[in-house]
Amino acid sequence: MGKQGNNSFMGHIRPRQIMTGALRLRATFCLGGFSFLAFLVLTITGVLLLFFYQPGVEAFVSLSELNSVLPYGGVIRSLHFWAAQMMVISVFLHMVRVVWSKAYRPLRELNWITGVVLFVLTVILDYSGYLLRGGQESGAAATIGQALFTSLPGGQALATIFFGQPSSFNGSTLNMYAWHVFILPGVLGFLQMFHFWRIRRDGGVRPL
Amino acid sequence: MVLLKGVDLLTTEQTLYSRRQVLSLGRKTLLVLGLGCLYPVSRYLRAKENQLAKARVASHEMPLNLHWQRIGQTRFWLRQGDEGVEGMWATCTHLGCEVSYDPEQVQWLCPCHGSRFNQEGQPLEGPAVSPLARAEVREKEGFYLASQKM
Amino acid sequence: MDPTESDRPQVPLKAKERAPKERVPLIELQVREYISTFLWLSLLFGLTAGVEVPLDTSPKAAAVSLSKAPWVFGSIQYLLQRWPAWLSGWVLPLLSMAVLLTLPWWSEKLGGRLTWIIFLILSLVWVGLTFLYMLMG
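Residues numbered from 1 in each chain as written. Chains lettered and ligands numbered in written order. Predicted model: local features only at pLDDT ≥ 70, side-chain atom pairs only at ≥ 80, totals over all residues. Heavy atoms only, no water.

Colleague: How should the overall build of chain A be read in this particular structure?
Modeller: Within chain A one finds nine helices and one strand. Helices and strands in chain A line up, N terminus first, as α-β-α-α-α-α-α-α-α-α. Within chain A, the fraction of its 208 residues that count as buried is 56%. The long-range fraction of contacts in chain A, counting pairs at least 24 apart against all pairs at least 6 apart in sequence, stands at 67%. Looking at chain A as shown, the accessible area adds up to about 9300 Å², and 72% of this sits on carbon and sulfur atoms. (Helix = DSSP H or I, 4+ residues; strand = E, 2+ residues; numbered from the N terminus. Buried < 20%, exposed > 50% of the residue type's maximum accessible area, 1.4 Å probe, protein only. Contact = heavy atoms within 4.5 Å. Areas by Shrake-Rupley, 256 points an atom, 1.4 Å probe, with all protein chains shown as cover.)

Colleague: Just to check I follow, could you spell out the state of the cysteines for this structure?
Modeller: Think of a disulfide as a covalent bridge from one cysteine sulfur atom to another cysteine sulfur atom. Residue and element names in this part refer to chain B. Applying the stated criterion to the full structure yields one disulfide over all chains. Shown here is the disulfide that connects cysteine 97 with cysteine 112, its sulfur atoms set 1.9 Å apart. Looking along the S-S bond of the cysteine 97-cysteine 112 disulfide, the torsion reads about -100°, which is the left-handed sense. Residue cysteine 97 is located in the loop between β4 (84-89) and β5 (100-102), and its partner cysteine 112 is located in the loop between β6 (107-109) and β7 (116-118); the two are separated by 15 residues in the primary sequence. Here cysteine 97 falls in the buried class, since its relative accessible area comes to 18%. (Disulfide = S-S within 2.5 Å.)

Colleague: I would appreciate a short explanation of a nonpolar patch on the surface in the present structure.
Modeller: Nonpolar side chains collect at one region of the surface, where Val47(A), Leu50(A), Phe51(A), Val181(A), Phe182(A), Ile183(A), Val187(A) and Leu45(B) lie side by side and expose about 680 Å² of accessible area between them. Those elements giving two or more residues to the nonpolar patch turn out to be α3 (31-50) and α9 (174-202) of chain A. Ranked by the residues each element gives to the nonpolar patch, the list is headed by α9(A), at four residues. Taking relative accessible area as the criterion, Val47(A) reaches 41% and is therefore assigned partly exposed. (Patch = residues over 30% accessible without salt bridge, like charges linked within 9 Å, V, L, I, M, F, W, Y side chains within 5 Å. Salt bridge = Lys/Arg side-chain N within 4 Å of Asp/Glu carboxyl O.)

Colleague: When you look at the pattern of salt bridges in this model, what are you seeing that I'm missing?
Modeller: Close approach of charged atoms lets side chains of opposite charge pair. All names here are of chain B. Within the structure shown, the criterion is met by nine salt bridges over all chains. Across the pair arginine 134 and glutamate 86 runs a salt bridge whose closest N-O atoms are separated by 2.9 Å. Here glutamate 86 lies in strand β4 and arginine 134 lies in strand β9 (residues 133-140), a separation of 48 residues in the sequence. Accessibility expressed as a relative area gives 25% for arginine 134, which makes it partly exposed. Take glutamate 86: its relative accessible area is 21%, and that puts it in the partly exposed class. What you see here is one network of salt bridges that share partners, running through Arg79, Glu86, Glu120 and Arg134.

Colleague: Please clarify how the interface of chain C and chain A should be interpreted in this entry.
Modeller: Where interface size is quoted, it is often the accessible area lost as the parts come together. Contact with chain C, which involves 65 residues of that partner, is made by 79 residues of chain A. Interface area for chain C against chain A, summed over the two sides, is near 7000 Å², with a carbon-plus-sulfur share of 68%. Our count for the contact surface shared by chain C and chain A stands at one salt bridge. Applying the counting criterion to the chain C and chain A interface returns 10 residue pairs in polar contact (both at pLDDT 80 or more). Contributing elements (two or more residues each) for the side of chain C that touches chain A: α1 (3-7), β1 (23-25), α3 (26-50), α4 (74-80), α5 (85-101), α6 (103-110) and α7 (112-135) of chain C. Top element by residues in the side of chain C that touches chain A is α3(C). It accounts for 16 residues. Class assignment for the residues of the side of chain C that touches chain A results in 36 nonpolar, 17 polar and 12 charged. Sheet topology note: the strand β1 (residues 17-19) of chain A/β1(C) ladder contains three bridges and is antiparallel. Along β1(C), the bridge assignment pairs Ile18(A) with Val24(C). (Buried area = accessible area lost by both parts, 1.4 Å probe. Polar contact = N/O pair within 3.5 Å; in protein donor to acceptor, adjacent residues only side chain to side chain. Nonpolar A, V, L, I, M, F, W, Y, C, P; charged D, E, K, R; others polar. Pairing = 2+ DSSP bridges.)

Colleague: Before we go on, may I ask you to explain the sheet that holds strand β8 (residues 123-125) of chain B in this structure?
Modeller: By definition, the strands of a sheet pair up through backbone hydrogen bonds, in either a parallel or an antiparallel sense. Residues and elements named next belong to chain B. Read from one edge to the other, the open sheet built from four strands follows the order β5-β6-β7-β8, with strand pairing classed as antiparallel. Edge strands, defined here as strands with exactly one partner in the open sheet, are β5 and β8. Taking the axes of each pair of neighbouring strands and ignoring which way they run, one obtains an average angle of 35° across the sheet. Bridge count between β7 and β8: two bridges; the pairing is antiparallel. Across the sheet, residue arginine 116 finds its bridge partner in β8, namely glutamate 125. (Axes fitted to C-alpha atoms, helices over the stretch in contact; angles between N-to-C directions.)

Geometric descriptors of this kind do not, in isolation, establish any biological role.
Printed below as a string of structure tokens:
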């Protein structure tokens, strides 16, 4: 997906020549690449959403203004939503494919573990994005998450760290906002780079 | 042997030709897509460029007199004029700093470059040369509604 | 079963370069990547244009009687409706994750086929629960 020039940075990231087997569609079904593509689309649309979305009490109002009043706001939000759903699905299918072609086995187990962590992070990001809507339904979803944390010993502290102080909306979106737009995507992006580097190092079917 | 290698290279180059075309078509399409997104994205980001400032304050919270008084945390100042409530948009006409009214000197002072305006907002001392802008004020249901003029 | 990935020996780079016949220039792969990128993008734009993403109910509106969880957490919601919270909210998801993380170890211990079956059952159960929750009224 990157540009290939002989002197460019991308040209050095990937090898000049690849194994013939890597060309076969059923070797990977492009699922890992699709996940990364989704991540790129999510990053771009997510940054655009940052310009108008307001966490906290204004969350629902600002989102509904963004969605229905601002020019192209609904399109950007819609792209963000669908890319997120497609990312969860393609990451999952990518995992199934990796187990199917036995690519998780030792020598590559570290990358498998990284991949599982990436999958979990993707699902949590999808959930936390839903919470940012700040409506009644997402408030209920936040309450369930909060209650699950509170049921742990010492979980009240964790619940406060992740979900913030409960408000009239069943939970402020401010803390989730910090997690959703900065911390989780940051960790996800970093781990992805590690994941890709390991593919090249371990010699996956497609050299990155 | 060398000749064979050369032939091999040639045929590879030939099969590559259409691949190259596909690749450059792909890049161009991505570029066009990216450029095509510029307009919607800029429309989206500029959505509020023409938005004017507004403020609201309950009239009983703000008893007016002949001196300018600020509506808290805004750039709107109100006073009782001869023909009803008057509003001032306290922004220096030089480079946009927020000016404030000093009732002792009966002057508007700009903190940035030292411009001074008289009570009516006419410039007294440079670098600003044009008068301060008035704001529109309406009185409605016990509230003063102030808004920036175009 | 795709043999290319599993059966290929892990050879160091230098050894690979001695067998140039199996190799093709990267551009062959890039062309396919571009094509699939555009297919994926058109699916995304199609979904965006075709299916509206709803807003939630405003927090100021009357309270909603039924609140659906987002589909990613549908399976956990389904379990939460039936079993105690500690079991369906913590033990089962964490256990499944632990099995996933230790999959390379299981394949050493039990062999590839059995590991595949374990993985398949695990994912089918979670996917099935997700669908069950989504299809429930």
